[in-house]
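An overview of the molecular structure
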Amino acid sequence: MIDAIIVENLTKDYIEKKAVDNINFTVKKGEVFGFLGPNGAGKTTTVKLLNGLLQPTTGTSDILGINSAKEPVKIREIAGVVTEHAGMYDLMSGLDNLIFYGKVFGMNATDAKTKALHLLEKIDLLDAKDRKLKNYSTGMRQRLSLARALIHSPQILFLDEPTSGLDPQSIQNVNTMIQELAHEQGVSVFLCTHQLRYAQEICTSYGLIDNGALMAKGTLQELEKQIDAKLLVTIRSNYYEGKKGAIKEYQKEVNNEEEIPPMVNEIVQAGGDIYSVATRKPTLEEIYFELLHKKRGGSVD
Ligand SMILES: Nc1ncnc2c1ncn2[C@@H]1O[C@H](COP(=O)(O)OP(=O)(O)OP(=O)(O)O)[C@@H](O)[C@H]1O
Ligand SMILES: [Mg+2]
């Protein structure tokens, strides 16, 4: 697979703070990359650096072979960006906003309108297409800003908290769209979010940033290897703590699957009944906190 985003030793210093501290990573074509980290970690600063909206102090980033800092105009042609404050026009309708941005990107009126209507349908705003933007709800605006970012069919999509104000149905629509873009059209998606359960649903790899520094990166399985991941076993039985009692559910940690049969055997041998045994791997959320905890030397604040 081709690297769509290449970041090398990227650093952004502010007088009082290193907002981004020497980070390195790559994002492949068609990958949905989850960029995760607490408030103030450096996510939005990284998005701005990658899009050439900010100049780095040192280091470089390339998007499809184009240097972000040197050719920001070219970056704008190949990338779509959704941030908290998308510039759109309150007195224009949703449809007209999209057509306007299509034209800014050099599309002719007919193509812009066709693409705009297609996107409005995808984000379930077709019924509201002629309403002025000032009469849109927060979630409707947020969905429209996603459509705006996609009007010129970018090959890279940057999303900074794209679903923070959306209802469950809209989140599902946005997820479907992101997955179609990535898997069917090979668009690379760079997704900043705090919503770790949401991230786990749609991301294919991750970067974890804390205090400007990248503390871990890779697929969920690769991240899992960086912590002492245990398998969590939930048992429902009338036998625990060495004796029989009322049926209850309790959890045990094991290092691997091989440790489960002897554990079950022991309960049965002792005359206990087992109603269910379920295992699960740690979630992204659990891995995230474990990694933060490890890196900060045991104190998560
Ligand atoms: N223009 C600026 N001048 C000085 N410091 C800044 C500037 N922009 C950002 N910072 C600082 O850089 C750090 C990273 O900020 P950034 O906005 O990238 O965080 P973030 O990960 O996007 O956080 P959030 O989850 O809250 O959106 C913060 O400590 C912030 O205060
Ligand atoms: Mg931010």
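A quick note: this is a predicted structure, and the numbers were derived from the prediction, not measured.

So, on to the overall build of the protein. Along the backbone of the protein there are 10 helices and 13 strands. Taken over the C-alpha atoms alone, the protein extends approximately 75 × 45 × 35 Å along its principal axes. A burial count over the protein gives 45% of its 301 residues as buried. Surface summary for the protein: the accessible area is close to 15,400 Å², and the carbon and sulfur share equals 49%.

Turning next to the pairing of strand β4 (residues 58-63). Sheet topology places strand β1 (residues 3-14) next to β4; five bridges connect them, and they run antiparallel. Following the sheet pairing, Glu8 is matched in β4 by Thr60. With two bridges joining them, β4 and strand β5 (residues 66-67) adopt antiparallel strand pairing. In the strand pairing of β5, Ile63 is matched with Ile66. Following β4, the chain reverses through two residues before pairing antiparallel with β5; Leu64 in that reversal takes a positive phi of roughly 45 degrees.

Moving on, we get to the sheet that holds strand β11 (residues 231-240). Ordered in space as β12-β11-β13, the three strands form an open sheet in which the pairing is antiparallel. Sheet topology places β12 (243-254) and β13 (274-280) at the edges, where each strand pairs with a single neighbour. Direction aside, the axes of adjacent strands within the sheet are offset by 15 degrees on average. Strands β11, β12 and β13 of the sheet are contacted by helix α9 (residues 260-269), whose axis makes an angle of about 10 degrees with β11.

Following the sequence through the fold, Ile171 ends up in helix α6 (residues 168-185). Along the sequence, Ile171 and Val47 sit 124 residues apart, while their C-alpha atoms lie 22 Å from each other. Sequence-distant contacts of Ile171, that is, excluding residues within four places in its chain, are made with Thr163, Leu166 and Tyr198.

Within the largest apolar cluster, 51 residues are counted, with the highest numbers of intra-cluster contacts made by Leu157 and Leu208. Ignoring any residue separated from it by four or fewer positions in sequence, one finds Leu157 in contact with Gly80, Leu146, Ala149, Leu150, Leu181, Val187, Ser188, Val189 and Phe190. Listed in part, the 25 residues of the second largest apolar core include Ala4, Leu10, Val47 and Phe158.

Quick look at the site of ligand 1 now. Taken together, 13 residues are adjacent to ligand 1, and Gly40, Lys43, Thr44, Thr45 and His194 come closest. Within the side chain of Asn39, a nitrogen or oxygen atom sits 3.0 Å from an oxygen atom of ligand 1. In the model, an oxygen atom of ligand 1 is placed 2.7 Å from a nitrogen or oxygen of the Gly40 main chain. Protein coverage of the free-state accessible area of ligand 1, which is 640 Å², stands at 64%.

What follows is about empty space enclosed by the protein. If you walk through the whole model with that rule in mind, you get one cavity of 30 Å³ or more. There is about 40 Å³ of room inside the largest cavity. In terms of lining, the largest cavity is formed by Val82, Gln142, Arg143, Leu146, Pro162, Leu166 and Val174. A total of three residues in the lining of the largest cavity trace back to one element, the largest contributor, which is helix α5 (residues 138-150).

This brings us to unusual backbone geometry. Here Asn9, not a glycine, exhibits a phi torsion of approximately 50 degrees, which is positive. As for its position among the elements, Asn9 is in strand β1. Backbone geometry places Asn211, a non-glycine residue, at a positive phi of 55 degrees. Position of Asn211 among the secondary structure elements: in the loop between β9 (205-210) and β10 (213-218).

Attention now moves to the packing of helix α3 (residues 94-104) against helix α4 (residues 109-122). Running from N to C, α3 and α4 cross one another at 130 degrees; their axes reach a closest spacing of 9 Å. One finds that α3 runs oblique with respect to α4. The two elements α3 and α4 meet at a crossing, and its hand is right-handed. Residues Leu95, Leu98, Ile99, Gly102 and Lys103 of α3 form the contact with α4, whose participating residues are Ala109, Ala112, Lys113, Ala116, Leu117 and Leu120. Tallied by class, residues from the contact of α3 with α4 come to eight nonpolar, one polar and two charged.

Moving on, we come to α3. All of the buried residues in α3 are Gly94, Leu95, Asn97, Leu98, Ile99, Tyr101 and Gly102. The positive-phi residue at the C-terminal boundary of α3 is Gly106, with phi of around 90 degrees.

When its domains are assigned, the protein resolves into domain 1 (3-225) and domain 2 (231-280). The C-alpha centroid of domain 2 is placed 45 Å from the C-alpha centroid of domain 1.

Definitions and cut-offs
- Per-chain numbering applies: the sequence of each chain, read as written, is numbered from 1 onward.
- All chains are assigned letters beginning with A, and all ligands numbers beginning with 1, in the order in which they are written.
- Thresholds applied to this predicted model are a pLDDT of at least 70 for local features of residues and 80 or more for the giving and counting of side-chain atom pairs; totals over whole chains, interfaces and linings are not thresholded and use all residues.
- Working from all heavy atoms in the structure, the side-chain values ignore hydrogens and water.
- Starting at the N terminus, helices and strands are each numbered in turn, a helix being any DSSP run of H or I of at least four residues and a strand any DSSP run of E of at least two.
- Only protein chains enter the calculation, and the probe is 1.4 Å; a residue is then buried if its accessible area is under 20% of its type maximum, exposed if over 50%, and partly exposed in between.
- Note on areas: Shrake-Rupley with a 1.4 Å probe; residue coverage comes only from the protein chains shown.
- Each pair of strands is called paired provided DSSP finds at least two bridges between the two strands.
- An axis is simply a line fitted to the C-alpha atoms; with a helix, the fit covers only the stretch in contact. Between two such axes, the angle follows the N-to-C directions and lies from 0 to 180 degrees.
- Residue contacts are defined here by distance: any two heavy atoms, one from each residue, within 4.5 Å place the two residues in contact.
- Side-chain atoms within 4.5 Å link the members of a nonpolar core, which is a set of buried Ala, Val, Leu, Ile, Met, Phe, Trp, Tyr and Cys residues.
- Note on definitions. A residue lies near a molecule or strand when any single heavy atom of the residue is within 4 Å of it.
- For this analysis, a polar contact is any N or O atom pair within 3.5 Å, provided that within protein one partner can donate a hydrogen and the other can accept it, and provided that sequence-adjacent residues contribute only side-chain to side-chain pairs.
- Both cavities and pockets are sets of points on a 1 Å grid over the protein atoms alone; in a cavity a 1.4 Å probe fits but cannot get out, in a pocket the set is open with protein on both sides within 12 Å along at least five of seven lines, and lining residues sit with an atom within 4 Å of a point.
- Grid points are joined across faces, edges and corners, and a volume is the space filled by probe spheres set on the points.
- Orientation labels follow simple angle bins: below 35 degrees gives roughly parallel, above 145 gives roughly antiparallel, 65 to 115 gives roughly perpendicular, and whatever is left gives oblique.
- By definition, turning the near helix anticlockwise from the far helix through less than a right angle yields a left-handed crossing, and turning it clockwise yields a right-handed one.
- All amino acids are sorted into three groups, where Ala, Val, Leu, Ile, Met, Phe, Trp, Tyr, Cys and Pro are nonpolar, Asp, Glu, Lys and Arg are charged, and the leftover types, Gly among them, are polar.
- The domain boundaries here were taken from an automatic or database domain assignment.

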